[in-house]
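Tertiary structure, described
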Amino acid sequence: MPFFYRPHHRYISHTVQIPRCLADVLVPLADRLFADTIDGAAFQSAIRPFFLGERPRAAILKGDDIWVYLEGPIHEVDGKPFPMGAQMIVSPSGWVSLGPVEAAELHTELRKVIDATAFRWLIQKGLLGEAEPTRQERDRKIDDPIAVRQMAAAAGRSDPECEASHG
């Protein structure tokens, strides 16, 4: 028997059916996604690129000049994962399409570069030894204002609350 979820916000009311076994995961996700708040807008903005194009995006990797859209679903052949392909936007040249083999090769290379860069950065900052066994939860009431003050200080602003809210 399906579970009905009806999000409530100021725009529209829409009913969707979801399997009851997924309700515990999907309902809180939908509540956050459809929230009429800046958090809801951030979630919507973050996932929108995953729904562009004909195939679902399995991953999006962004540089300053190149964005790689890895297309799913991912298929496993002899234990090796293959995306359906990839599309890359190369600024200012345009779009490049890759087949599954090239997309898998590029994704492997990009993951290696990300790991190497992140490890090098963590070592340079002396943070590698700071890793915790579990993800640290954020207390938004405390941590968000601290983050805003840190951003303002890094940008050289004197009124962080005003700048972060309106800038």
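The preceding data block contains the structure.
Residues numbered from 1 in each chain as written. Predicted model: local features only at pLDDT ≥ 70, side-chain atom pairs only at ≥ 80, totals over all residues. Heavy atoms only, no water.

1. Remarks on the packing of aromatic side chains
- One pass over the structure, following the stated rule, counts two aromatic pairs.
- Aromatic pair W67 and Y69: ring centres 6.3 Å apart, planes at 55°, arrangement tilted.
- Overall, Y69 belongs to the buried group, its relative accessible area being 7%.
- Through pairs of rings, three or more aromatic residues link up here, namely W67, Y69 and W95. (Phe/Tyr/Trp six-rings, centres within 6.5 Å; stacked < 30°, edge-to-face > 60°. Buried < 20%, exposed > 50% of the residue type's maximum accessible area, 1.4 Å probe, protein only.)

2. Topic: the nonpolar core
- By size, the foremost hydrophobic cluster in this structure holds eight residues: A59, L61, V68, L70, A86, M88, V90 and A103.
- Contributing elements (two or more residues each) for this core: strand 3 (57–62), strand 4 (66–71) and strand 7 (85–90).
- No other element matches the three residues that strand 7 contributes to this core.
- In this structure, M88 is in contact with I66, W67, V68, G94, W95, V96, L98 and L106, ignoring residues within four places of it in sequence. (Core = buried A, V, L, I, M, F, W, Y, C linked by side-chain atoms within 4.5 Å. Helix = DSSP H or I, 4+ residues; strand = E, 2+ residues; numbered from the N terminus. Contact = heavy atoms within 4.5 Å.)

3. Quick notes on the side chain of R57
- Here R57 is to be found in strand 3.
- Taking relative accessible area as the criterion, R57 reaches 9% and is therefore assigned buried.
- From its side chain, R57 meets the backbone oxygen of L52 in a polar contact 3.0 Å long. (Polar contact = N/O pair within 3.5 Å; in protein donor to acceptor, adjacent residues only side chain to side chain.)

4. Focus on the sheet that holds strand 8 (residues 94–98)
- With antiparallel pairing, four strands are arranged side by side in an open sheet as 3-4-7-8. Two strands close off the open sheet at either side, each with one partner strand: strand 3 and strand 8. Between one strand and the next, the sheet's axes are offset by a mean angle of 15°, whatever the strand orientation.
- Where strand 7 lies against strand 8, five bridges are found, and the strand directions are antiparallel. Bridging across to strand 8, A86 finds its partner in L98. (Pairing = 2+ DSSP bridges. Axes fitted to C-alpha atoms, helices over the stretch in contact; angles between N-to-C directions.)

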